[in-house]
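Structural characterization, general
Chain by chain, the residues:
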Amino acid sequence: PAVLQEADAALRAAGESSAPDRGLLLHELASYYRHEALDKFVRTSDEAAKIMRSQPPSDEAVNVFRLAGRAQMCLGRYDIAEEHYRRALTSVASLAGGLREAFSVNGEAELAEALAKQGKIAEAIGRLRRAHEIAHRVHGPHHRWTLVIQMRLANMLLAGGFSEEGVELRTKVERALAQPR
């Protein structure tokens, strides 16, 4: 991180404190801090997101907002995480076809997690259904990401009181996981 910190200091000294490159640099620094220091992770990812809000949507912005959302989830600030995840999905919408779909799977699932933590189960289920549809289309029915999303959806259905559908979907995932790959 020393090199990243030096580069950040150089950009700030040059008057580039809100430049997109600094936002991306801070994103890299936040990625490092994610497993090292929660306070620095949150502060750095929020600063990166603040910079990227003023930039045009891009795949880089998607990752910046998703990481900032994850930082807020760690603190239990689910409403702020929801805002970051929604910004990520807004940026996703501007991406080209395959890239848009690939980014949508995790974006929808992460937003669903933040919504569920706030008790917005119905919307969370809808987001996970969308993530599952996209994962199924992009990766196929037996890909690990499709199965992970399916299991998240099954668990959310169970949490939302949709026991029959949740158990059915969970059983389907467990059967798929039991098959040799």
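Refer to the structure above for everything that follows.
Residues numbered from 1 in each chain as written. Predicted model: local features only at pLDDT ≥ 70, side-chain atom pairs only at ≥ 80, totals over all residues. Heavy atoms only, no water.

Quick word on the side chain of glutamine 150
The line we're drawing: A helix here means a DSSP run of H or I that spans at least four residues, while a strand means a run of E at least two residues long, and both kinds are numbered starting from the N terminus. Contact criterion: two residues are considered in contact whenever any of their non-hydrogen atoms come within 4.5 Å of each other.
Along the chain, glutamine 150 turns up in helix H8 (residues 144–159). Other than its neighbours up to four places away in sequence, glutamine 150 contacts His132, Pro141, Leu169, Lys172 and Val173.

Section: the packing of helix H2 (residues 20–33) against helix H4 (residues 59–75)
Using the following cut-off: Axis definition: a line fitted to C-alpha atoms, limited for helices to the stretch in contact. Angles are taken between N-to-C directions and run from 0 to 180 degrees. Any angle that falls under 35 degrees is termed roughly parallel, while one over 145 is termed roughly antiparallel, one within 65 to 115 roughly perpendicular, and all others oblique. For any pair of crossing helices, the crossing counts as left-handed if the nearer helix is rotated counterclockwise from the farther one by less than a right angle, and right-handed if it is rotated clockwise. Classes in brief: Ala, Val, Leu, Ile, Met, Phe, Trp, Tyr, Cys and Pro nonpolar; Asp, Glu, Lys and Arg charged; the others, Gly included, polar.
The geometry of H2 relative to H4 is characterised by a closest axis approach of 10 Å and an angle of 45° between their N-to-C directions. In terms of orientation, H2 and H4 fall into the oblique class. As H2 packs across H4, the resulting crossing turns out to be left-handed. Of the residues in H4, those in contact with Gly23, Leu24, His27, Ala30 and Ser31 of H2 are Glu60, Asn63, Val64 and Leu67. Looking at the contact of H2 with H4 residue by residue, the class counts come to four nonpolar, four polar and one charged.

Here's the deal with the packing of H4 against helix H5 (residues 78–92)
As a packed pair, H4 and H5 sit with axes 8 Å apart at the nearest point and diverge in direction by 165°. In terms of orientation, H4 lies roughly antiparallel with respect to H5. For the pair H4 and H5, the sense of crossing is left-handed. Residues Ala61, Val62, Phe65, Arg66, Ala68, Gly69, Arg70, Gln72 and Met73 of H4 pack against Tyr78, Ile80, Ala81, His84, Tyr85, Arg87, Ala88, Ser91 and Val92 of H5. Here the residues of the contact of H4 with H5 are counted per class, giving 11 nonpolar, four polar and three charged.

Remarks on the environment of valine 3
Mapped onto the elements of the fold, valine 3 is located in helix H1 (residues 2–13). For the pair valine 3 and leucine 29, spaced 26 residues apart in sequence, the C-alpha to C-alpha distance is 9.7 Å.

Describing the side chain of threonine 44
Heads up, the rule is: Burial classes: relative accessible area under 20% of the type maximum marks a residue as buried, over 50% as exposed, and values in between as partly exposed (1.4 Å probe, protein chains only).
Structurally, threonine 44 can be placed in helix H3 (residues 38–53). Residue threonine 44 is classed as buried on the basis of its relative accessible area of 8%. Threonine 44 has contacts with Leu26, Leu29, Ala30 and Tyr33, leaving out every residue within four places of it along the chain.

Examining helix H7 (residues 121–139)
Threshold: A helix is expected to span 1.5 Å multiplied by its residue count minus one.
The end-to-end C-alpha distance of H7, which contains 19 residues, comes to 26 Å, matching closely the 27 Å that a straight helix rising 1.5 Å per residue would cover. Ala124, Ile125, Leu128, Ala131, His132, Ile134 and Ala135 are the residues of H7 that are buried. Of the surrounding elements, those touching the buried residues of H7 are helix H6 (97–117) and H8. Phi turns positive, to about 95°, at glycine 140, one or two residues after H7.

Notes on the pattern of salt bridges
Let me state the cut-off plainly: We define a salt bridge as a contact between a side-chain nitrogen of Lys or Arg and a carboxyl oxygen of Asp or Glu at a distance within 4 Å.
Applying the stated rule across the entire model yields 12 salt bridges. The residue arginine 66 makes a salt bridge to glutamate 110 at a minimum N-O spacing of 2.6 Å. Of this pair, arginine 66 sits in helix H4 while glutamate 110 sits in helix H6, placing them 44 residues apart in sequence. Neither arginine 66 nor glutamate 110 differs from the other in exposure class; each is buried. Via salt bridges that share partners, Glu82, Arg86, Glu108, Lys120, Glu123, Arg127 and Arg130 belong to a single interconnected network.

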